[in-house]
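The residues making up each chain are set out below.
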Amino acid sequence: SAVISQKPSRDICQRGTSLTIQCQVDSQVTMMFWYRQQPGQSLTLIATANQGSEATYESGFVIDKFPISRPNLTFSTLTVSNMSPEDSSIYLCSVGQGDYEQYFGPGTRLTVT
Amino acid sequence: AQSVAQPEDQVNVAEGNPLTVKCTYSVSGNPYLFWYVQYPNRGLQFLLKYITGDNLVKGSYGFEAEFNKSQTSFHLKKPSALVSDSALYFCAVRDKSNTGKLIFGQGTTLQVKP
């Protein structure tokens, strides 16, 4: 399976600021996704990162709040903009490989104060 | 709408005993089902999948899962639990659209006691 890294692994940010999370894969992949895991909750898909075009956002998530870039087949970024304490979560990127399964990065633990 | 449900927030089992973590699904047509495990402060690790074929699927770390179409279930099992199996387990179903996204259950905490 692909090796996926994320930066930063964790961060503490002040409300009103923005944080950009990077996701790097060691091989070219077609599908990349960004998920959010709020404290004690399950995973919710934020968006599908499309190479060369705008990301596809799920209901309840908007580009102004979570802009995503995907400049090539191995890299993507997620920005959490104008943060509030409610944005405190683990953010995970994943890639689609094999027979439909996805492999996940280690996650970025974000705390907003 | 497609969904998965994990009816138990927590499962407790003694080391060496068999374990079962339950999952039921609601999907039109044939489902693509997955189990993932999350250890503290780590990302999700893929355990196993059911796409088609044999109803009993074997995966990583000695885990297996049984697909039961009539009961719309995909329970995770292991014959002999280890303390190191203690973690958070998620069942997921692949969305039937072309997006490829996964829809996750709420998760079940497995606690294996020595």
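Computed from a predicted model, the values in this text were never measured in an experiment. Each chain has its residues counted from 1, following the order in which its sequence is written. Starting at A for chains and at 1 for ligands, labels are handed out in the order in which the entities are written. Thresholds applied to this predicted model are a pLDDT of at least 70 for local features of residues and 80 or more for the giving and counting of side-chain atom pairs; totals over whole chains, interfaces and linings are not thresholded and use all residues. Heavy atoms throughout the structure, all of them, feed into the side-chain values; hydrogens and water do not.

Peer 1: Teacher, can you tell me more about the overall build of chain A here?
Peer 2: The secondary structure content of chain A amounts to 0 helices and 11 strands. In chain A, the succession of helices and strands from N to C terminus is β-β-β-β-β-β-β-β-β-β-β. Computation of the radius of gyration draws on C-alpha atoms alone. For the globule rule, the value is 2.2 Å times the number of residues to the power 0.38. Against the 2.2 N^0.38 benchmark of 13 Å for 113 residues, chain A shows a C-alpha radius of gyration of 13 Å, consistent with a compact globule. Along the three orthogonal principal directions, the C-alpha set of chain A runs to about 40 × 25 × 20 Å. Helix and strand assignments come from DSSP, with helices taken as H or I runs of at least 4 residues and strands as E runs of at least 2, each series counted from the N terminus.

Peer 1: Looking at this model, I keep getting lost on the overall build of chain B. Mind explaining?
Peer 2: Per the secondary structure count, chain B includes 0 helices and 12 strands. The secondary structure elements of chain B, listed N-terminal to C-terminal, are β-β-β-β-β-β-β-β-β-β-β-β. Computed over C-alpha atoms, the radius of gyration of chain B comes to 14 Å, within 12% of the 13 Å expected from 2.2 N^0.38 for 114 residues, which places it in the range of a compact globule. Judged by the C-alpha coordinates and their principal axes, chain B covers about 45 × 30 × 25 Å. A buried classification covers 49% of the 114 residues belonging to chain B. In what follows, residue pairs with any heavy atoms lying within 4.5 Å of each other are defined as contacts. In chain B, once contacts between residues fewer than 6 apart in sequence are set aside, the share between residues at least 24 apart is 55%. Counting only carbon and sulfur atoms, one obtains 47% of the accessible surface of chain B, whose full area is about 5,400 Å². In summary, the charge assignment counts Lys and Arg as positive and Asp and Glu as negative, without counting His or the chain termini. To locate a charge, take atom NZ for lysine, CZ for arginine, CG for aspartate or CD for glutamate. Averaging the coordinates of the 11 positive side-chain charges in chain B and doing the same for the 8 negative ones gives two points 6 Å apart. Classification of residues uses two cut-offs on accessible area relative to the type maximum, computed with a 1.4 Å probe and protein chains only: under 20% is buried, over 50% is exposed, and between them is partly exposed. Exposure was quantified through the Shrake-Rupley algorithm and a 1.4 Å probe, taking into account, for residues, occlusion by the shown protein chains and nothing else.

Peer 1: How should I be thinking about the packing of aromatic side chains in this particular structure?
Peer 2: Geometrically, a pair of aromatic rings is defined through the distance of the ring centres and the angle of the planes. To pair, rings of Phe, Tyr and Trp, with the six-membered ring standing in for Trp, must have centres within 6.5 Å; the planes then decide the type, stacked if under 30 degrees apart, edge-to-face if over 60, and tilted in the middle. Following the criterion strictly, the structure yields 16 aromatic pairs over all chains and no others. Both rings, one in phenylalanine 61 of chain A and one in phenylalanine 66 of chain A, keep their centres 5.6 Å apart while their planes meet at 65°; by these two values the pair is edge-to-face. By relative accessible area, phenylalanine 61 of chain A is classed as buried at 9%. Note on phenylalanine 66 of chain A: relative accessible area 3%, which makes it buried. With a centroid separation of 5.8 Å and an interplanar angle of 65°, the aromatic rings of tyrosine 36 of chain B and phenylalanine 46 of chain B are classed as edge-to-face. Of this pair, tyrosine 36 of chain B sits in strand β5 (residues 33–38) while phenylalanine 46 of chain B is found in strand β6 (residues 44–50), placing the two residues 10 residues apart along the sequence. Among the aromatic residues, those joined into a ring-pair cluster are Phe33, Tyr35, Tyr103 and Phe104 of chain A together with Tyr36, Phe46, Phe90 and Phe104 of chain B. In this structure, lysine 78 of chain B is placed above the aromatic ring of phenylalanine 63 of chain B, and the distance from its NZ or CZ to the ring centre is 5.0 Å. Both a distance and an angle decide whether a charge sits over a ring: NZ of Lys or CZ of Arg must be within 6 Å of the ring centre and within 35 degrees of the ring normal.

Peer 1: Please explain the interface of chain B and chain A as it appears in this structure.
Peer 2: Interface extent is often summarised as the accessible area lost during association of the parts. Between chain B and chain A, the residue contacts involve 22 residues of the former and 20 residues of the latter. For any pair of parts, buried area is found by adding up, for both, the accessible area (1.4 Å probe) each one loses once the two are put together. Between chain B and chain A, a total of about 1,700 Å² is buried, with carbon and sulfur atoms accounting for 55% of that surface. Any carboxyl oxygen of Asp or Glu that lies within 4 Å of a side-chain nitrogen of Lys or Arg is treated as forming a salt bridge with it. At the junction of chain B and chain A, the tally comes to 2 salt bridges. The partner of glutamate 101 of chain A in a salt bridge is lysine 49 of chain B, and the shortest N-O contact between them spans 3.0 Å.

Peer 1: Looking at this structure, how should I read the nonpolar core?
Peer 2: Among soluble globular proteins, nonpolar side chains are generally buried collectively. In this description, a nonpolar core means a group of buried Ala, Val, Leu, Ile, Met, Phe, Trp, Tyr and Cys residues linked to one another through side-chain atoms lying within 4.5 Å. Formed by 43 residues in total, the largest nonpolar core has its most connected members in Trp34 of chain A together with Phe104 of chain B. Here phenylalanine 104 of chain B is in contact with Tyr35, Ser42, Leu43 and Phe104 of chain A together with Val4, Tyr36, Leu44, Phe90, Cys91 and Ala92 of chain B, once residues within four sequence places are set aside. Among the nonpolar cores identified, the runner-up in size contains 29 residues, and Val11, Cys23, Ile103 and Leu110 of chain B belong to it.

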